[in-house]
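# Notes for the structure review
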Amino acid sequence: MILMNDFKRQAQHWIEEELVAMRRVLESGWYVLGEEVDKFEKEFATASNVSHCVGVANGLDAIEIGLRASGVGQGDEVITTPMTAFATLLAIYRAGATPVLADIDLETGLLDVKSAERCVSKKTKGVLLVHLYGHVAKMDEWVSFCKANKIELFEDCAQSHLAKWSGKTAGNFGSWGAYSFYPTKNLGAIGDAGALVTNDANIAAASQSLRNYGSAERYYHDRLGLNSRLDPLQAALLSVHLKYLEESTQKRREIGARYRNEISNSKIRHLAAPQHQENHCYHLFVVMTDRRAELMQHLKEKDVQSIIHYPVCHQHQKSVPSILQDQKGLARSEKFAKECLSIPCHPWMTEKEVSTVIQALNSF
Ligand SMILES: *Cc1c(COP(=O)(O)O)cnc(C)c1O
């Protein structure tokens, strides 16, 4: 089976270096925050071209902490997309704020600025933009939209490690960017991990306090924070994985380019290509079809795994019985959720496996 992710192959390549890193942490006798976390934070800030990085326990917490550091809470509205991981939405609720769903662009799956415009109210504090599948697009429009409406721009970068727009890395366009290092992400830990990046020293300081019980100075708690500290063990492993991120991103782009050029079947549509190669880091490669169940079955018979990101729009989640949304509705996200399908696209795939996936799609 050609898998969506192949962690055993990853381990084969990295295990010696990982063991060295783990041993260093074990022998250091220091197991919460500390030097390893500082080191990884500096390295990831450099890789993302930001001035501050704050390591936290996971991507969900990174978003919640970012929102709270920006003063978003009770009574505030945050505009976001229904086509994302549930964590995006959950973080807004956890910060005490109210999410408002805007519709997406069918060509990319990304949030649509015109729909977002209809969602702006007096209570709107910001837009939480998701660089879905690793695609960073139209950032000039988003920056001027937020400026014109005097609201903040927040970036959910959980899928967009190292993706750039006009030479600027994701996470640099608004108040902060939230990263997840969940194992499947382009930069993955061996378990849960996340980080918030920002160029604003106040946001960085607030986030450092929020991840550590709302305390900047031991025993003094200025905020009701979380316990959301990045483990030094994960930080040490992430430092190893980060060394290969540029290379593995390039590999993903090569696979993405082959899929775009070579997958050709009248029953399958491609999403809009990124304007420039740097705009996409291919966390996921997604195709569209109105015969999805059949295609999935066909791929399975050809020994190719496929997964849906995402089959359920968040307006339909049982935990959110009523949610504010674009008055024109969310029809495009509904259609997208019925047709999108992710196919294997990870850096450990061989050329031959990529060819097999292409043949499997073309023979449908
Ligand atoms: C993975 C993901 C998250 C959540 O990250 P966790 O580390 O799993 O909490 C948030 N947003 C998006 C878009 C994601 O893909």
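Residues numbered from 1 in each chain as written. Predicted model: local features only at pLDDT ≥ 70, side-chain atom pairs only at ≥ 80, totals over all residues. Heavy atoms only, no water.

## A closer look at the overall build of the protein chain
- A tally of regular secondary structure across the protein chain gives twelve helices and 13 strands.
- Over its C-alpha atoms the protein chain spans a radius of gyration of 20 Å, differing by no more than 12% from the 21 Å that the globule rule assigns to 364 residues.
- C-alpha extents for the protein chain along the principal axes are approximately 65 × 55 × 40 Å.
- Relative to its 364 residues, the protein chain shows a buried fraction of 57%.
- Contacts in the protein chain between residues at least 24 apart in sequence constitute 72% of all its contacts with a sequence separation of at least 6.
- Total accessible area computed for the protein chain in this model is approximately 16100 Å², and 51% of it derives from carbon and sulfur atoms.
- Here the protein chain carries 41 positive and 43 negative side-chain charges, and the mean point of each set is 4 Å from the other. (Helix = DSSP H or I, 4+ residues; strand = E, 2+ residues; numbered from the N terminus. Rg over C-alpha atoms; globule rule 2.2 N^0.38 Å. Buried < 20%, exposed > 50% of the residue type's maximum accessible area, 1.4 Å probe, protein only. Contact = heavy atoms within 4.5 Å. Areas by Shrake-Rupley, 256 points an atom, 1.4 Å probe, with all protein chains shown as cover. Lys, Arg positive; Asp, Glu negative; His and termini not counted. Charge placed at Lys NZ, Arg CZ, Asp CG, Glu CD.)

## So, the pattern of salt bridges
- What the rule picks out here adds up to 19 salt bridges.
- A salt bridge links arginine 23 to glutamate 27; the shortest N-O distance between them is 3.1 Å. On the criterion of helical spacing, the pair formed by arginine 23 and glutamate 27 is a turn pair, its members being four residues apart in helix α1 (residues 7–28). Neither residue differs from the other here; arginine 23 and glutamate 27 are each classed as exposed.
- Of the charged contacts, one joins arginine 269 and glutamate 339 as a salt bridge, the two residues approaching to 2.6 Å between their closest N and O atoms. Residue arginine 269 is located in strand β10 (residues 269–270), and its partner glutamate 339 is located in helix α11 (residues 331–339); the two are separated by 70 residues in the primary sequence.
- Using a relative accessible area of 8% as the deciding quantity, one classes glutamate 339 as buried.
- Bridged by salt links that share partners, the residues Asp61, Glu64, Arg68 and Arg94 form one connected network. (Salt bridge = Lys/Arg side-chain N within 4 Å of Asp/Glu carboxyl O.)

## Re the nonpolar core
- Ranked by internal contacts, the top residues of the largest apolar core, which has 42 residues, are Phe40, Phe44, Val127, Trp142 and Phe181.
- Every element with two or more residues in this core is listed here: α2 (35–48), α5 (113–119), β4 (124–130), α6 (139–148), β9 (194–198) and α8 (232–242).
- Once you skip the residues sitting within four places of it in the chain, tryptophan 142 turns out to touch Leu111, Asp112, Val113, Ala116, Val127, Leu129, Ala137 and Leu153.
- Formed by 24 residues, the second largest nonpolar core is a distinct cluster that contains Leu60, Ala97, Ala178 and Leu226. (Core = buried A, V, L, I, M, F, W, Y, C linked by side-chain atoms within 4.5 Å.)

## Observations concerning the site of the ligand
- Contacts to the ligand come from 14 residues, most closely from Gly59, Asp156, Gln159, Ser180 and Lys185.
- The separation between a nitrogen atom of the ligand and a polar side-chain atom of threonine 88 is 3.5 Å.
- Interatomic distance of 2.7 Å between a side-chain N/O atom of aspartate 156 and a nitrogen atom of the ligand.
- Coverage of the ligand by the protein chains reaches 89% of its 380 Å² of free accessible surface.
- Elements supplying a minimum of two residues to the shell around the ligand: α3 (59–69) and α4 (86–94).
- By residue class, the composition of the shell around the ligand is six nonpolar, six polar and two charged. (Near = heavy atom within 4 Å. Polar contact = N/O pair within 3.5 Å; in protein donor to acceptor, adjacent residues only side chain to side chain. Nonpolar A, V, L, I, M, F, W, Y, C, P; charged D, E, K, R; others polar.)

## As for the packing of aromatic side chains
- Overall, the coordinates contain eleven aromatic pairs when judged by the stated rule.
- Taken together, a centroid distance of 5.5 Å and an interplanar angle of 20° make the contact between tryptophan 14 and tyrosine 244 stacked. Placement of tryptophan 14 in helix α1 and of tyrosine 244 in the loop between α8 and α9 (245–262) is noted, with a sequence separation of 230 residues between them.
- For tryptophan 14, a relative accessible area of 9% translates into the label buried.
- Cluster of aromatic residues (ring-pair linked, three or more members): Phe40, Phe44, Tyr179 and Phe181.
- Stacked on the ring of phenylalanine 364, the Lys or Arg lysine 267 has its end atom at 5.9 Å from the ring centre. (Phe/Tyr/Trp six-rings, centres within 6.5 Å; stacked < 30°, edge-to-face > 60°. Lys NZ or Arg CZ within 6 Å of the ring centre and 35° of its normal.)

## A short note on the confidence of the model for the protein chain
- With 100% of its residues at a pLDDT of at least 70, the protein chain reaches an overall mean of 98.
- By mean pLDDT, α1 is the weakest element of the protein chain at 97, and strand β5 (residues 152–156) is the strongest at 99. (pLDDT = per-residue confidence, 0-100.)

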